[in-house]
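Structural description and commentary
The chain contents come next:
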Amino acid sequence: MKSMQLTGLRRMELFDVPRPDIREDTDVLIRMQAVGICGSDVHYYVTGKIGSQVVQYPFPVGHEGAGYVEKTGVGVPSLRVGDRIAIEPAMPCGACDQCLAGRPHTCRKLRFLGCPGQADGCLSEYIVMPQESCIPIPDAMRFEQATVAEPLAIGLYAARLAGAVQNKRVAVLGSGPVGLSVLAAIRLAGAASVHVTDRIDERLAIARRSGATATYSVVHEDAAAGIAVAEPLLLDLVFECCGQQEALDQAIRLLKPGGTLLIVGIPAFSRFSFPVDDLRRKEICIRNVRRQNGCDRDAVRMIADGSVTVDHWITHRFGLPDAQKAFDLVAGYRDGVMKAMINF
C-alpha cells in the first residue's frame, strides 16, 4: 500500500509498505478515504516533536480520519465489511485507574493514532484499529464530514469542562478548526455572547458565518480592547485555542474576577507564563483540555442531524501524493486555509 511518511523536518515521502493485517480478534482493517490535517500533525512536520513526543523517522502522522471497513476480526460482532466509519484515534487500555475513573483520555497506557512512540498515523491507504475506535456513520454523511467529527469532539469536551455555559459571556481565541468546534459547542449550550479572534481574515469570516457574536483580527486591531468595550464587565469564560502566549495574555486581561480560562490549543513551546498579580487578584481558574473524552459519537450525531454544519470548514483538498503541499499550506497559514483534507 501507499503510505505518506515524515522523513525529516518539513520533509515527506510516499512509501510502498506492506499492508497491515488484523492481529487481535477485536481488530478492524480500515480502507482510508479521508484524513484531515490537524495542527498537532503540523507541529510534528515543522519541529519533529510535541513536548516529550519526538518523531523517529520515517513516521506516518495523521489522526483525523474516516473510511470503509475492509476486514474484521472474529470478535467484532457489530461491524461488517463495507461499513462506513469515522475513527476515534485514542486507544485506551480500559483497565488502569484513569480508565476506571472515567478518564480514558488520560489512560496510563494510552495509544493515540499518529503519536510518536504510540501508534502510526492514518496517512496511509490502510490502517488497523480496535473496534471501539470505529464509529459507524450514516450513508448520507460524507467521509470528509466524518473526519471533522474528531476536532468537533474536542470542542464538545471543552464546553463540557467549562460547566454551565448558558447565558455566559465567552471568547474563543483562535478560530481554526478547534476554535470553530468550541464556538459550535458553546453556541449550542446557550452562551449569551461569543467573541472570536484570529489572525486570518478568512477564518474570521467563517466564524461569523458559524454564529460568532463578533470577530476581531489580532493583526489589525487590539482585539482584547475591542472585546472589553463590548463587554465592560469582562468575560466569564475564555477558550485559548491557538497555543500562543499572546492569546494567554489576552485571556487574563479579558476574564472577569472569578472567570475561567480553558487552554485547548497545543503550543510549539514548552512553557507558558502568567501575570501572577492579575491571576491572584481576579482569582482566575485555569483548566487544561486534553483532547476529548467520550464526545466522539455525539460529534458524529450532531453533524449527521445538522446541529453543526461543517462543510464550510473544509477549505482545501489534496490527494495523498500531494500531502506535503497540504502540510506546507497549513504550516504557513496560507490562502485562508481552515481545514485541509487529504482524499484517497
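Attention here is on the structure that accompanies the text. (Residues numbered from 1 in each chain as written. Predicted model: local features only at pLDDT ≥ 70, side-chain atom pairs only at ≥ 80, totals over all residues. Heavy atoms only, no water.)

If you look at the biggest cluster of nonpolar residues, it comprises 52 residues, and the most contacted ones within it are L152, I186, F239, V264 and W313. At the level of secondary structure, the elements contributing two or more residues to this core comprise α3 (143–161), β12 (169–173), α4 (177–188), β13 (193–198), α5 (201–209), β15 (235–240) and α9 (296–304). With 12 residues, the top contributor of residues to this core is α3. Apart from residues no more than four positions distant in its own chain, L152 is found in contact with S181, A184, A299, I303, V308 and W313. Listed in part, the 46 residues of the second largest apolar core include V61, V69, C107 and A331. (Core = buried A, V, L, I, M, F, W, Y, C linked by side-chain atoms within 4.5 Å. Buried < 20%, exposed > 50% of the residue type's maximum accessible area, 1.4 Å probe, protein only. Helix = DSSP H or I, 4+ residues; strand = E, 2+ residues; numbered from the N terminus. Contact = heavy atoms within 4.5 Å.)

On to unusual backbone geometry, then. In this structure, P58 follows Y57 across a cis peptide bond, with omega equal to -10 degrees. The phi torsion at D335 lies on the positive side, around 55 degrees, for a residue other than glycine. Within the secondary structure, D335 is located in the loop between α10 (323–331) and β19 (339–343). Residue D335 is classed as exposed on the basis of its relative accessible area, which comes to 59%.

Moving on to the packing of aromatic side chains. The final tally for this structure, using the stated rule, is 4 aromatic pairs. Centre to centre, the rings of Y68 and F143 are 5.0 Å apart; their planes meet at 70 degrees, and the pair counts as edge-to-face. With Y68 in strand β6 (residues 64–72) and F143 in helix α3, this residue pair connects regions lying 75 residues apart in the sequence. Judged by its relative accessible area of 12%, F143 is buried. Aromatic ring contacts, followed pair by pair, group F269, F272 and F274 into a single cluster. Sitting above the plane of the F143 ring, R84 keeps its charged end 4.5 Å from the centroid. (Phe/Tyr/Trp six-rings, centres within 6.5 Å; stacked < 30°, edge-to-face > 60°. Lys NZ or Arg CZ within 6 Å of the ring centre and 35° of its normal.)

This part is about empty space enclosed by the protein. Applying the stated criterion across every chain yields a total of 1 cavity of 30 Å³ or more. Volume-wise, the largest cavity comes out at about 60 Å³. Lining the largest cavity are 14 residues, with I87, I135, A149, E150 and D296 sitting closest to its centre. Elements that contribute at least two residues to the lining of the largest cavity include exactly β7 (84–87), α3 and α9. The element contributing the most residues to the lining of the largest cavity is α3, with 5 residues. Within the lining of the largest cavity, the residues separate by chemical class into 8 nonpolar, 3 polar and 3 charged. (1 Å grid on protein atoms, 1.4 Å probe; cavity = no way out; pocket = protein on both sides within 12 Å on 5 of 7 lines; lining within 4 Å. Points joined across faces, edges and corners; volume = space filled by probe spheres on them. Nonpolar A, V, L, I, M, F, W, Y, C, P; charged D, E, K, R; others polar.)

Let's shift gears to the packing of α3 against α9. At their nearest, the axes of α3 and α9 sit 8 Å apart, and the two run at 120 degrees to each other. Looking at the two axes, α3 sits oblique to α9. Taken as a pair, α3 and α9 cross one another with a handedness that is right-handed. For the pair α3 and α9, the contacting residues are Q145, V148, A149, L152, A153 and L156 in the first and D296, D298, A299, V300, M302 and I303 in the second. Here the contact of α3 with α9 is built from residues that sort into 9 nonpolar, 1 polar and 2 charged. (Axes fitted to C-alpha atoms, helices over the stretch in contact; angles between N-to-C directions. Parallel < 35°, antiparallel > 145°, perpendicular 65-115°, else oblique. Left-handed = near helix turned anticlockwise from the far one by under 90°.)

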